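# Analysis of the macromolecular model
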Amino acid sequence: VGLQMFADVGYEEIETKGLGWISGKVSKIDNQNGKYKLPHIGWNQLNIVKDSKIFKGIENNSHMYFVHSYELVPNDKSVVSATTEYSSNIVCSIEKENIFGTQFHPEKSDKIGLKIIDNFINLWMKYFLCVMLFLLYACESTNVPKDIKKKKTIQMELTTEPSIKAKKWKYSQP
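Residues numbered from 1 in each chain as written. Predicted model: local features only at pLDDT ≥ 70, side-chain atom pairs only at ≥ 80, totals over all residues. Heavy atoms only, no water.

## What to know about the pairing of strand 1 (residues 7-10)
Summarising the sheet, strand 1 and strand 3 (residues 22-28) pair through 3 bridges and their orientation is parallel. Considered in strand 3, the bridge of Val9 is made with Lys25. The pairing of strand 1 with strand 2 (residues 16-17) spans 2 bridges and is classified as antiparallel. Note on strand 2: the bridge partner recorded for Val9 is Lys17. (Pairing = 2+ DSSP bridges. Helix = DSSP H or I, 4+ residues; strand = E, 2+ residues; numbered from the N terminus.)

Structure below.
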């Protein structure tokens, strides 16, 4: 989460450099000469435009809670995973490799928002466990004491990633 900071540059009051993880800019929403109130506060429908890991089990057109006056305008539209309509078609979620961001507030978006948070946590736990498996596999050839290796084996059994193959370590899905 933190969609706007992922951009190259933002224009909230002054030009501010972003992280540059998503090529694009953050600019003020066009309120069409006052027709749309800013900040945009309230519930809006989510238009899921591509299959996204954080939207697993989320129905298209679900309502999310927004509080914002600015929008991300990405250079590469393929990173957009969801949009919403408010004065125009606004990007409200992106996904690029292992980078995920939302414009809406999942923590304020009732049970559906909590499901998105749950999806995000579960996804990152898989990434974390993959890294742990890699590190533990690297320890296989070092002089790590056997009792420590045994404890690490127990930790490896907690993984839910079935595609990982670890040499000499047994693991199973919970």
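This is not the end of the story, as more comes after the structure.
## A look at the packing of aromatic side chains
Inspection of every chain in the model, using the stated rule, returns 5 aromatic pairs. Judged by centre distance (5.4 Å) and plane angle (65°), the ring pair of Trp43 and Tyr65 falls under edge-to-face. With Trp43 in strand 4 (residues 40-45) and Tyr65 in strand 6 (residues 63-68), the pair connects residues that are 22 residues apart, well separated along the chain. Overall, the relative accessible area of 44% leaves Trp43 in the partly exposed class. (Phe/Tyr/Trp six-rings, centres within 6.5 Å; stacked < 30°, edge-to-face > 60°. Buried < 20%, exposed > 50% of the residue type's maximum accessible area, 1.4 Å probe, protein only.)

## Remarks on the side chain of Glu71
Tracing the backbone shows Glu71 in strand 7 (residues 70-74). Despite its burial, Glu71 pairs with no opposite charge, the nearest such side chain being Lys77 at 8.4 Å. With near-sequence residues (within four places) excluded, Glu71 lies in contact with Gln4, Lys25, Val26, Ser27, Lys28, Ile29, Asp30, Ser88, Ile90 and Gln103. (Lys, Arg positive; Asp, Glu negative; His and termini not counted. Salt bridge = Lys/Arg side-chain N within 4 Å of Asp/Glu carboxyl O. Contact = heavy atoms within 4.5 Å.)

## Section: the sheet that holds strand 1
The mixed open sheet is built from 4 strands, whose spatial order is 2-1-3-7. Both edges of this open sheet fall to strand 2 and strand 7, since each of them pairs with a single strand only.

## Things to note about the environment of Val79
Within the secondary structure layout, Val79 lies in the loop between strand 7 and strand 8 (80-85). In this structure Val79 comes out as buried when scored by relative accessible area, which is 5%. It is 8.1 Å that separates the C-alpha atoms of Val79 and Ile22, two residues lying 57 residues apart in sequence. Excluding residues within four positions of it along the chain, Val79 makes contact with Ile22, Lys50, Pro74, Ser93, Ile94, Glu95 and Lys96.

## Some words on the environment of Gly24
Among the structural elements, Gly24 can be located in strand 3. According to the relative accessible area criterion, Gly24 is buried, its value standing at 4%. For the pair Gly24 and Asp8, spaced 16 residues apart in the sequence, the C-alpha separation amounts to 5.6 Å. Setting aside residues no more than four positions away along its own chain, Gly24 makes contact with Ala7, Asp8, Val9, Val73, Pro74 and Asn75.

## Some points on the pairing of strand 8
Within strand 8, 5 of the 6 residues are buried, which leaves it mostly tucked inside the rest of the structure. In terms of strand pairing, strand 5 (residues 47-48) meets strand 8 through 2 bridges, oriented antiparallel. Considered in strand 8, the bridge of Ile48 is made with Ala82. Pairing of strand 8 with strand 9 (residues 89-96) involves 5 bridges; the strand directions are antiparallel.

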